[in-house]
Amino acid sequence: MEMISKVANGFIGLFQAGGETFMGWVTGIIPMVICLMVFVNSIIGIIGTERVERFCQKITKYTILRYTLLPVLADIFLTNPARYTFGRFVKEEHKAAFYDASVSFCHPITGLFPHANAGELFVYTGIATGIQKLGLSVGGLAVRYFIVGVIVILIRGILCEKIFAALSK
Amino acid sequence: MYKTITVKAGSNGWGGPLILTPTEICNKVLSVTGGGIHPLAQKIADMTGAEAVDGFKTNLPDEEVLVAVVDCGGTARCGVYPKKGIYTINIEPVGKAGPLAKYITPEIYVSAVTEKDVYESDYTGAAAGEPASKTEAEISRPKQTLKENTAKVSEEKKENIITKIGKAVGHFVNIFFQAGRDTIEIVLGTILPFMAFTATLLGIISASGLGNVIAKTISPICSTLPGMVVIAFICGIPILSPVLGPGAVIAQVVGTLLGAEFALGHIPPQYALPALFAIDAQVGCDFVPVGLSLGEADPETIEYGVPAVLFERMITGPLAVLIAFAFSIGMY
């Protein structure tokens, strides 16, 4: 009998630990994310995606902007996965590179703009929560994640463009 | 004499496109927009050859209504007409919402529509077809009538200034309300379920002692720069990366597990930034063909684009870790 109750306790214990983690996330992460997402979604509603589209069409001819500002705007305003539709603004030989830049930014953006890829928050949030538990601030991490993200997508875009050109010859 | 038109969703809109053709019986455009005939309803009537009717003044039998134009913030009207099986155009950016949400389907409902979103038939995707503003009727209309119309419109404007302010405020509030609704939907539909699943997994791992095993094997690898470069390289191998990619589930679970290790002090915090890139070298590698076709790429572009992205990741995956490591200097 004692044996059975021990096993039962151990079994329940597995899920008590899970429940505590879950509760921590719900109260610690969700309220801020909700308010931030409502705000950003409203701003996007007021600006309107049409205006962003018009602006983005103009900047595709500059290599640096094509793999930095364009994917960042596409991610912020159209979010995942509609952002890839901005690929139609770039030339055929740049499409793969634009896709790569855009998709590679879909996690670095979540530190500052969780609405842009709300379904995949935990790449960043998972690690950031751990850092927070140490009593450290995560603001710097989010900003640096964003900046390094921009640098990385620029490199990926340019390199992908070169490889694509070599392959399609 | 009746013409077919296509109405698509506007910016931030939902549903549609609707293809509307009036018939001898069904030929009224019902405008239910706080009194008066909305310009959009008038435009649709002009283009199709149907008649615009003010829904606040006239009551019509349902079978005569070709389409209802409403300005509903997501409480009732937007669902009333779909429930009756009547095509509904909402000028507010409202999706499937309100107590009658279950009747609102993309086949019968379209929202955030402006006059620019109405096209003459032959709708073929993005923005094919001539925008409504260029219809022949408008161009050939005598100048005098135009002037009369303008006079009429400006008169109405003066009368309805309070209504206008009210509508503008309402529109603004609706945008915020819809933003809230979208947010809660994604929290309930995606974020909470993911949290539930990862929390359960994490609970089992930590309470069963499996966590200690992970701490002893993975943590040492993740607390050195070469270890992380190797992880990024492995994630970026072209055969593995498409398998590791879908939904970023693996990256998210690994991120959460590593987060727990950071919290316990098994990995020093200055490795947080490189770790974010190390576990994510495969991001989107599963999605290349879909993402490219969303960008309207040719089949040939997709054929060469997939290997271009996959091979390039083997190089940029580890490189991203190194850049991130350099940028971590001075943090924590």
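Scroll up to find the structure this text is about.
On a predicted model such as this, the values are computed, not experimentally measured, just so you know. (Residues numbered from 1 in each chain as written. Chains lettered and ligands numbered in written order. Predicted model: local features only at pLDDT ≥ 70, side-chain atom pairs only at ≥ 80, totals over all residues. Heavy atoms only, no water.)

Q: Which residues make up the sheet that holds strand β3 (residues 28-32) of chain B, and what are the values?
A: Residues and elements named next belong to chain B. Ordered by their spatial adjacency, five strands build an open sheet running β4-β3-β5-β6-β7, and the pairing between neighbours is parallel. The sheet terminates laterally at β4 (51-54) and β7 (109-111), the two strands that pair on one side only. The mean angle between the axes of side-by-side strands here comes to 20°, regardless of whether they run parallel or antiparallel. Of the strand pairs in this sheet, β3 and strand β5 (residues 65-70) are connected by five bridges, and their pairing is parallel. The residue bridging V29 from the neighbouring strand is V67, located in β5. (Pairing = 2+ DSSP bridges. Helix = DSSP H or I, 4+ residues; strand = E, 2+ residues; numbered from the N terminus. Axes fitted to C-alpha atoms, helices over the stretch in contact; angles between N-to-C directions.)

Q: Go over the packing of aromatic side chains, please, and point to the residues and values.
A: For any pair of aromatic rings, geometry is given as the distance between the ring centres together with the angle between the planes. Evaluation of the coordinates by the stated rule reveals 13 aromatic pairs over all chains. Counting every residue linked through ring pairs, the aromatic cluster contains A:Y84, A:Y99 and B:F287. Taking the ring centre of B:F177 as reference, the NZ or CZ of B:R181 above it sits at 4.2 Å. (Phe/Tyr/Trp six-rings, centres within 6.5 Å; stacked < 30°, edge-to-face > 60°. Lys NZ or Arg CZ within 6 Å of the ring centre and 35° of its normal.)

Q: Any chance you could break down the packing of helix α3 (residues 49-59) of chain A against helix α5 (residues 69-78) of chain A for me, citing the residues and the numbers?
A: Residue and element names in this part refer to chain A. α5 packs onto α3 with a crossing angle of 170° between their chain directions and a minimal axis gap of 10 Å. By the angle between their directions, the pair α3 and α5 is classed as roughly antiparallel. The segment α3 lies against α5, with T49, V52, F55, C56 and I59 engaging L69, L70, L73, F77 and L78. Residue composition of the contact of α3 with α5, grouped by class: nine nonpolar, one polar and no charged. (Parallel < 35°, antiparallel > 145°, perpendicular 65-115°, else oblique. Contact = heavy atoms within 4.5 Å. Nonpolar A, V, L, I, M, F, W, Y, C, P; charged D, E, K, R; others polar.)

Q: Please give an account of the environment of A:F105 that cites residues and values.
A: Residue and element names in this part refer to chain A. Summarising the element assignment, F105 is placed in the loop between α6 (95-104) and α7 (122-133). Judged by relative accessible area, F105 falls into the buried class, the value being 0%. Each C-alpha atom of the pair F105 and I151 lies 10.0 Å from the other, and the pair is 46 residues apart in sequence. With sequence-adjacent residues up to four places away left out, F105 is seen in contact with V72, D75, F146, G149, V150 and I153. (Buried < 20%, exposed > 50% of the residue type's maximum accessible area, 1.4 Å probe, protein only.)

Q: Describe in detail the pairing of β5(B), supporting the description with residues and values.
A: Residue and element names in this part refer to chain B. Within β5, six of the six residues are buried, which leaves it mostly tucked inside the rest of the structure. In the sheet, β5 pairs with strand β6 (residues 87-90) via four bridges, with the strands oriented parallel. Paired with V69 across the bridge in β6 is I89.

Q: Break down the interface of chain B and chain A for me, citing the residues and quoting the values.
A: At the junction of the two partners, chain B supplies 81 residues and chain A supplies 71 residues. At the boundary of chain B with chain A, total buried surface from both sides reaches about 6,300 Å², with 76% on carbon and sulfur atoms. Three residues, B:M195, B:L276 and B:Y332, lead the burial of chain B against chain A; their summed loss comes to 10% of the area buried on that side. Linking chain B to chain A there are three salt bridges. For A:E50, the salt bridge identified is with B:K116, shortest N-O distance 3.2 Å. The tally of links between chain B and chain A comes to 18 residue pairs in polar contact (both at pLDDT 80 or more). Mapped by element, the contributors of at least two residues to the side of chain B that touches chain A are α5 (161-208), α9 (249-263), α10 (272-278), α11 (288-294) and α12 (299-327) of chain B. Looking at which element gives the most residues to the side of chain B that touches chain A, the answer is α5(B), with 25 residues. Broken down by class, the residue content of the side of chain B that touches chain A amounts to 48 nonpolar, 25 polar and eight charged. (Buried area = accessible area lost by both parts, 1.4 Å probe. Salt bridge = Lys/Arg side-chain N within 4 Å of Asp/Glu carboxyl O. Polar contact = N/O pair within 3.5 Å; in protein donor to acceptor, adjacent residues only side chain to side chain.)

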